[in-house]
Amino acid sequence: MSAGAIGGDSHWPLWEVFTQGNQGEPFEHAGSLHATDAEHALQNARDVYARRGEAVNLWVVPSSAITASAPGDAGPFFDPGNDKAYRHPQFYKVPRGVKVF
Amino acid sequence: MSAAHGDEELGIAAGEASAGTRPVAGARGPDLGDPLVECLLRLGDDRLILGHRLSEWCGHGPILEEDIALSNLALDLIGQAASLLRLAGEVEGRGRDEDALAYFRDGVQFRNCLLVEQPNGDFGVTMVRQFLFDAHSVLVWEALAAGGHPGLAAVAGKALKEDKYHLRHSSEWVVRLGDGTAESHARVQRALDDLWRFTGELFRRDAVDEAVAAHGIALDAAAIRPRWDAIVDDVLARATLVRPADAGMRHGGRTGRHTEHLGHLLATMQIVARSHPGAAW
């Protein structure tokens with residue numbers, strides 16, 4: 001390992017942590033942390049986000065690898081979906097016996 | 001271990017003992033009590049004292065994530081100590097529970113090895129101490145989990161999982177710091193050189209070890225040693241650290257002859273329980 005793996009004197013790279021609560025469940029974003037590399041990030045994630053048995057699997061992703069929508073995109077990205085009720089399958093009668101849908 | 005390894009009883013080799021390795025009490029007789037109780041106290045005290053040492057880092061960790069990690073290690077070890085001391089109290093049969101054993105014994109009655117009571121130093125010292133202990137602890141739990149003492153085997157099975165993670169964590173840090181910057185390398189090499197003399201005690205056998213074999217507790221130091229050597233040599237090689245020579249090994253903790261550091265630790269650890277005996281919170 002070289003000192004070059006550490007970004008600057010005082011700041012380690014930021015990582016996003018995703019936890020899976022049970023086998024088969026989706027991974028959910030739990031938070032973020034600082035770590036020098038992937039293995040270190042995985043260990044820190046275990047200690048910070050999974051120490052009370054919250055997870056059976058962990059993902060760590062460099063925050064820099066995530067492309068995010070900007071708050072300024074909210075209008076064009078999300079607003080058009082709000083006023084078109086016909087986009088939602090809500091005009092069907094739910095068959096008897098169906099409890100979860 | 002034979003004299004050829006340079007073992008010295010604490011306090012006897014005054015010429016070589018530094019100020020940090022004087023015993024808190026003089027020599028005591030060989031009265032070791034019930035071997036099974038002694039064995040459980042040794043296992044429990046190792047983890048109680050190391051757990052307390054790690055808890056001293058709480059709020060002082062180098063970064064937030066590591067602060068939490070160190071507290072996690074401490075809590076695991078204190079949990080293991082509670083199980084082991086409870087078991088020791090039950091076997092002893094004198095009505096002492098884990099709290100009585102943790103908070104109302106004095107230094108000479110503690111049976112932890114000298115390694116775990118050494119001060120935290122810098123983060124490198126703490127991680128080297130942790131690594132040397134973890135590598136041994138994992139092998140001990142493996143042997144005990146397969147052993148013939150049901151109560152102890154149950155504790156061992158749970159503790160093995162915890163300590164495997166501890167070893168992974170401490171190994172990673174030893175490699176990271178050893179193979180890091182010139183400053184971090186020099187610091188962990190110095191920590192290794194300073195702490196190495198306390199590793200011989202981990203592999204010493206005495207009458208207690210012989211006696212507990214009858215209880216199905218077979219800790220074969222001769223079998224554990226080469227596996228510990230392999231773990232340590234592998235990590236030190238990756239960390240570009242030099243393994244110190246086995247000279248001037250110190251021991252005495254197993255019979256209550258501790259370094260001066262234990263007394264200070266116990267004063268802090270026991271003050272609340274002794275000031276407010278029986279308090280609940």
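The rules behind each value
- Residues numbered from 1 in each chain as written.
- Chains lettered and ligands numbered in written order.
- Predicted model: local features only at pLDDT ≥ 70, side-chain atom pairs only at ≥ 80, totals over all residues.
- Contact = placed C-beta atoms within 7 Å.
- Helix = DSSP H or I, 4+ residues; strand = E, 2+ residues; numbered from the N terminus.
- Nonpolar A, V, L, I, M, F, W, Y, C, P; charged D, E, K, R; others polar.
- Axes fitted to C-alpha atoms, helices over the stretch in contact; angles between N-to-C directions.
- Parallel < 35°, antiparallel > 145°, perpendicular 65-115°, else oblique.
- Left-handed = near helix turned anticlockwise from the far one by under 90°.
- Core = buried A, V, L, I, M, F, W, Y, C linked by C-beta atoms within 7 Å.
- Buried ≥ 20, exposed ≤ 12 C-beta atoms within 10 Å, placed from the backbone.

A. Geometry of the interface of chain A and chain B. With 13 residues of chain A at the interface, the matching set in chain B holds 11 residues. Among the secondary structure elements, those contributing two or more residues to the side of chain A that touches chain B are β2 (28-34) and α1 (38-49) of chain A. In terms of residue count, the dominant contributor to the side of chain A that touches chain B is α1(A) (six residues). Its residues assigned to classes, the side of chain A that touches chain B shows five nonpolar, five polar and three charged.

B. Up close: the packing of helix α1 (residues 35-55) of chain B against helix α2 (residues 64-92) of chain B. All names here are of chain B. Two numbers describe how α1 lies on α2: the axes approach to 7 Å, and their chain directions differ by 155°. The orientation of α1 with respect to α2, classified from their angle, is roughly antiparallel. For the crossing formed where α1 meets α2, the hand is left-handed. Of the residues that constitute the contact of α1 with α2, the class distribution is 19 nonpolar, five polar and two charged.

C. Up close: the nonpolar core. Counting 68 residues, the largest nonpolar core has L40(B), L84(B), A88(B), L115(B), V128(B), V174(B) and L195(B) as its most contacted members. Counting residues per element, this core draws most heavily on helix α5 (residues 123-145) of chain B, at 12 residues. Excluding its chain neighbours within four sequence positions, the residues that come into contact with V174(B) are M127(B), V128(B), F131(B), V188(B), V235(B) and A239(B). Of all hydrophobic cores here, the second largest spans nine residues; its members include V17(A), A45(A), A55(A) and V60(A).

D. Expanded view of unusual backbone geometry. All names here are of chain B. Positioned with a positive phi, T240 is a non-glycine residue whose angle comes to about 55°. Among the secondary structure elements, T240 is positioned in the loop between α9 (221-238) and β2 (250-251). T240 gets classed as partly exposed once you count the C-beta atoms within 10 Å, which come to 14.

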